[in-house]
Amino acid sequence: MKLFSNEIVFRGHPDKVCDQISDAILDECLKQDKYSRVAVETMGGKGKVFVTGEITTNAILDIEKIVKCTLNEVGYDSSKYEVVDNIGKQSSDIALGVDTGGAGDQGMMFGYACNDTEELLPTAQVILQKLSKNYDVLTRMNNNFLPDGKAQITGYYNDDFKLVRIKTFTISYQNKEIEREYTDRILKNIAINICNEYGIEVEEFLINPTGKFLIGGFDGDAGLTGRKIVVDTYHSFANVGGGAFSGKDPTKVDRSAAYKARQIAKRYLSEFNLKWCEVQLSYAIGVAEPLAVYIDSDKGNISPTKKLYEECKPLNIINDLNLRQPIYKDTAKYGHFGNKKFSWEM
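Before going into details, it helps to say that this report is about the structure given with it. (Residues numbered from 1 in each chain as written. Predicted model: local features only at pLDDT ≥ 70, side-chain atom pairs only at ≥ 80, totals over all residues. Heavy atoms only, no water.)

The interhelical angle for the contact between helix α1 (residues 14–32) and helix α2 (residues 63–74), taken along N-to-C directions, is 130°, at an axis separation of 9 Å. Here α2 runs oblique to α1, going by the angle between their axes. Remark: the crossing between α1 and α2 carries right-handed chirality. Within the contact between the two elements, α1 uses Val-17, Gln-20, Ile-21, Ala-24, Ile-25 and Glu-28 and α2 uses Ile-63, Ile-66, Val-67, Thr-70, Leu-71 and Val-74. (Axes fitted to C-alpha atoms, helices over the stretch in contact; angles between N-to-C directions. Helix = DSSP H or I, 4+ residues; strand = E, 2+ residues; numbered from the N terminus. Parallel < 35°, antiparallel > 145°, perpendicular 65-115°, else oblique. Left-handed = near helix turned anticlockwise from the far one by under 90°. Contact = heavy atoms within 4.5 Å.)

On the surface, Met-43, Phe-50 and Leu-224 cluster together into a nonpolar patch covering about 230 Å² of accessible area. The topology assignment puts Leu-224 in strand β9 (residues 223–224). (Patch = residues over 30% accessible without salt bridge, like charges linked within 9 Å, V, L, I, M, F, W, Y side chains within 5 Å. Areas by Shrake-Rupley, 256 points an atom, 1.4 Å probe, with all protein chains shown as cover. Salt bridge = Lys/Arg side-chain N within 4 Å of Asp/Glu carboxyl O.)

With that settled, consider the sheet that holds strand β5 (residues 107–114). Judged by pairing direction, the sheet is antiparallel, and its 3 strands sit side by side in the order β5-β10-β11 without closing on themselves. Looking at which strands have only one partner, the edges of the open sheet turn out to be β5 and β11 (292–297). Neighbour-to-neighbour, the strand axes of this sheet turn through a mean angle of 15°, independent of strand direction. As paired strands, strand β10 (residues 276–283) and β11 are joined by 6 bridges and run antiparallel to one another. When the sheet's bridge partners are listed, Leu-281 is paired in β11 with Val-293. This element, helix α8 (residues 253–271), spans β5, β10 and β11 of the sheet and lies at about 30° to β5. (Pairing = 2+ DSSP bridges.)

Another aspect to go through is the environment of Thr-331. Within the element layout of this structure, Thr-331 appears in helix α11 (residues 328–334). Its relative accessible area of 0% is what places Thr-331 among the buried residues. Separated by 99 residues in the primary sequence, Thr-331 and Asp-232 have C-alpha atoms spaced 8.6 Å apart. The contact partners of Thr-331, leaving out residues within four places of it in the chain, are Asp-23, Arg-255, Tyr-259, His-336, Phe-342 and Trp-344. At 3.1 Å, the side chain of Thr-331 and the side chain of Arg-255 are in polar contact. (Buried < 20%, exposed > 50% of the residue type's maximum accessible area, 1.4 Å probe, protein only. Polar contact = N/O pair within 3.5 Å; in protein donor to acceptor, adjacent residues only side chain to side chain.)

Once that is clear, we can look at the pattern of salt bridges. The final tally for this structure, using the stated rule, is 31 salt bridges. Measuring nitrogen to oxygen at the nearest pair gives 3.9 Å for the salt bridge that ties Asp-160 to Lys-275. Of the two residues, Asp-160 is situated in the loop between β6 (145–157) and β7 (163–175) and Lys-275 in the loop between α8 and β10; the sequence distance between them amounts to 115 residues. Two residues, Lys-341 and Asp-330, come together in a salt bridge whose shortest N-O distance is 2.6 Å. You can see Lys-341 sitting in the segment after α11 and its partner Asp-330 sitting in helix α11, a full 11 residues away along the chain. Salt bridges here are not isolated pairs; linked through shared partners, they connect Lys-260, Arg-267, Glu-271, Glu-311 and Asp-320.

On to the sheet that holds β9. One open sheet accounts for 4 strands, arranged β4-β3-β2-β9; its pairing is mixed. Both edges of this open sheet fall to β4 (82–88) and β9, since each of them pairs with a single strand only. Where strand β2 (residues 37–45) lies against β9, 2 bridges are found, and the strand directions are antiparallel. By the bridge assignment, Met-43 is partnered in β9 with Leu-224. Lying over the sheet, α2 contacts β3 (48–56) and β4, oriented at roughly 130° with respect to β4.

Next up, the structure:
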């Protein structure tokens with residue numbers, strides 16, 4: 001048996017809040033102008049939210065309103081935050097290549113799928129995603145639960161790298177520190193019920209192991225867009241490209257090509273009857289055709305076709321997955337993969 005760990009952060013974690021703000025701004029741009037070019041970064045901490053980056057759009061934006069609406073939706077009091085708008089326009093040098101259909105950046109992107117769950121994701125990842133969604137509901141039903149938090153599974157894995165049992169389920173959640181035994185039990189029972197869906201037993205829970213978690217959010221920590229790229233993708237069960245997703249319009253292959261790579265991995269999993277499949281796409285900025293398509297699996301490497309290279313050109317990805325839609329804030333809440341309402345997951 002091998003021990004392996006994976007992690008998720010809840011929707012109210014400072015980094016995830018910044019992701020949601022950046023994607024809320026992107027969504028508003030796309031609602032008004034589907035050809036908007038957006039690359040927005042958000043940083044929050046100690047009563048301030050600072051938004052910067054580049055936007056080229058015909059949309060009329062009220063950045064402060066978007067930021068504060070998002071804070072309120074997550075469960076924070078937006079009246080306590082000053083919003084600093086430092087957004088400029090996209091570099092004309094970058095626009096030269098993107099305007100003709102080239103990639104909006106250089107880099108490599110990964111997609112992954114496995115046959116562990118209905119979502120074609122690792123069991124431990126799905127368990128944590130479900131816990132995160134349930135925790136978000138809890139914060140609205142019981143005001144003793146506050147928005148910030150994270151969870152981690154350390155599990156035993158067999159030779160096929162399938163989760164057999166959980167050694168330690170760690171949950172750190174912000175709360176009012178009232179009736180802790182009661183609130184801990186609620187959260188523990190939710191986690192146990194989710195694990196039972198997959199026939200997974202938990203040996204040990206560590207809940208708020210420091211003993212107290214009252215101060216959280218931007219009061220307890222700074223947040224930054226794109227700082228949770230492993231949580232956003234495959235929880236370290238697969239390789240991760242260097243670029244974050246949130247705040248970027250689909251001409252940025254950091255985002256769109258990662259979604260396409262996931263779709264391809266799922267498709268090949270079925271076509272070749274695989275246990276797992278990982279796809280790497282790589283691009284040069286301003287160039288449409290991928291530099292390389294690499295496909296690995298439990299049955300070895302699979303040679304990409306010429307048609308696959310054509311499919312992976314940025315404009316073809318955008319059209320195929322219908323990515324010029326205001327869908328992105330939802331991706332920033334619980335993870336970009338596994339939700340069937342996203343086009344790359346259908």
